[in-house]
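# Architecture and fold: a report
Okay, here's what each chain looks like letter by letter:
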Amino acid sequence: MRIALLIIVALFVSGCSPDNVRSFNIRNLAKSDIDMVADSHRQELNTLIRQLTIKLYKRNPRELSKTPRMTVDLRVQQILAPPPSGGYPELQGRSGNDAMQLALTESYRGDRVFALMAGIRSMIDAAFGYKQEFFLLDELDQQKLYNSARNLETVAWQLNNRKNASGQPLLLANGISREGIINLSFERVLGKMIALQDMLATIIADTTDRNIKNVVHKAASLTFLPI
């Protein structure tokens, strides 16, 4: 009976047009406009995480070779899939801020790209309340979204500036080719991720009438804001 009622409602809101009925997703009946905006942001962030992971491995193939028989596709799958119970063994169970910090620590000998991207993914998961899709009763925390954007700014700065004792970057990212061409593609991907988090944080704050506590945070610090 309930399913039949939902179908009737779906036909009504779609104007009874056959084309509209075919394109209508009945799941959207349980979503507000903000839920659908959050879904869109979440999906785009997953796409950008994939792009950044692939780009970092192309610039840092030595990191991939630290794990026998590992491929970029497998790493992307690992990063975008839910982490195993207890976390990733190679990261000693660390996730979020702790994993990002590990990746940018000089003494770390593991796969820095994996540590960084697994950390970014799990930090964003936390900012979204560990949800991939949102419905009417779900709530987002504007402060967590804002803090995650500031942490991504820190990552962007660290990628450009963190070096080992020999003066070599811990991870290669932006740079200048032998022909003098400046490559800022890494910065652009991170910039898109930061903009998405800031935009959604502002939307949530406006719709819930809650304030965002602006935090003065030095990107040069290896300390990340809590999520």
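It should be emphasised that the depicted structure is a prediction, and the values quoted were computed from it without experimental measurement.

## With respect to the pattern of salt bridges
A side chain with one charge may pair with a side chain of the opposite charge, provided their charged atoms come close. Summed over the entire model, instances satisfying the criterion amount to 11 salt bridges. Where D39 meets K31, a salt bridge forms, and the shortest distance between an N and an O atom there is 2.5 Å. Accessibility assignment for this pair places D39 and K31 in one class, buried. Put simply, K131 and D138 hold a salt bridge, and the shortest N to O gap is 3.6 Å. With a relative accessible area of 31%, K131 lands in the partly exposed category. A residue is classified by how much of its surface remains accessible, and D138, at 23% relative accessible area, is partly exposed. Put simply, K31, D39 and E133 are held in one network by salt bridges that share partners.

## Considerations on unusual backbone geometry
Positive phi values are uncommon outside glycine, yet Q92 reaches one of about 55°. Summarising the element assignment, Q92 is placed in the loop between α5 (72–80) and α6 (96–103). We note that Y130 has phi near 60°; this positive angle belongs to a residue other than glycine.

## What about the side chain of N147?
Tracing the backbone through its elements, the reader meets N147 in helix α8 (residues 142–161). Contacts of N147, omitting those with residues within four sequence positions, involve L225, P226 and I227.

## Considerations on the packing of aromatic side chains
With the rule as written, the count across this model stands at 2 aromatic pairs. Ring plane angle 45° and centroid distance 5.8 Å describe the contact between F128 and F134, whose orientation is recorded as tilted. The two residues F128 and F134 agree in class, both being buried. The lysine or arginine in question, R75, covers the ring of F114, its NZ or CZ lying 4.0 Å from the ring centre.

## As for the nonpolar core
The biggest cluster of nonpolar side chains holds 51 residues, and the ones touching the most others in it are L91, L116, I120 and M193. Of all the secondary structure elements, the ones that give two or more residues to this core are α3 (33–59), α6, α7 (112–127), α8 and α9 (185–208). Tallying contributions element by element places α7 first for this core, with 10 residues. With sequence-adjacent residues up to four places away left out, M193 is seen in contact with L45, L48, I49, L52, I120, I124 and L152.

## Some details on α7
With 16 residues, α7 should cover 22 Å at 1.5 Å per step; its first-to-last C-alpha distance of 22 Å lies within 8% of that length. The element α7 is largely enclosed, with a buried count of 16 among its 16 residues. The opening residue of α7 is D111, an N-cap whose side-chain oxygen sits 3.0 Å from the backbone nitrogen of V113. Positive phi appears at G129, one or two residues downstream of α7, with a value of about 65°.

Conventions and cut-offs
Residues numbered from 1 in each chain as written. Predicted model: local features only at pLDDT ≥ 70, side-chain atom pairs only at ≥ 80, totals over all residues. Heavy atoms only, no water. Salt bridge = Lys/Arg side-chain N within 4 Å of Asp/Glu carboxyl O. Buried < 20%, exposed > 50% of the residue type's maximum accessible area, 1.4 Å probe, protein only. Helix = DSSP H or I, 4+ residues; strand = E, 2+ residues; numbered from the N terminus. Contact = heavy atoms within 4.5 Å. Phe/Tyr/Trp six-rings, centres within 6.5 Å; stacked < 30°, edge-to-face > 60°. Lys NZ or Arg CZ within 6 Å of the ring centre and 35° of its normal. Core = buried A, V, L, I, M, F, W, Y, C linked by side-chain atoms within 4.5 Å. Expected span 1.5 Å × (residues − 1). Polar contact = N/O pair within 3.5 Å; in protein donor to acceptor, adjacent residues only side chain to side chain.

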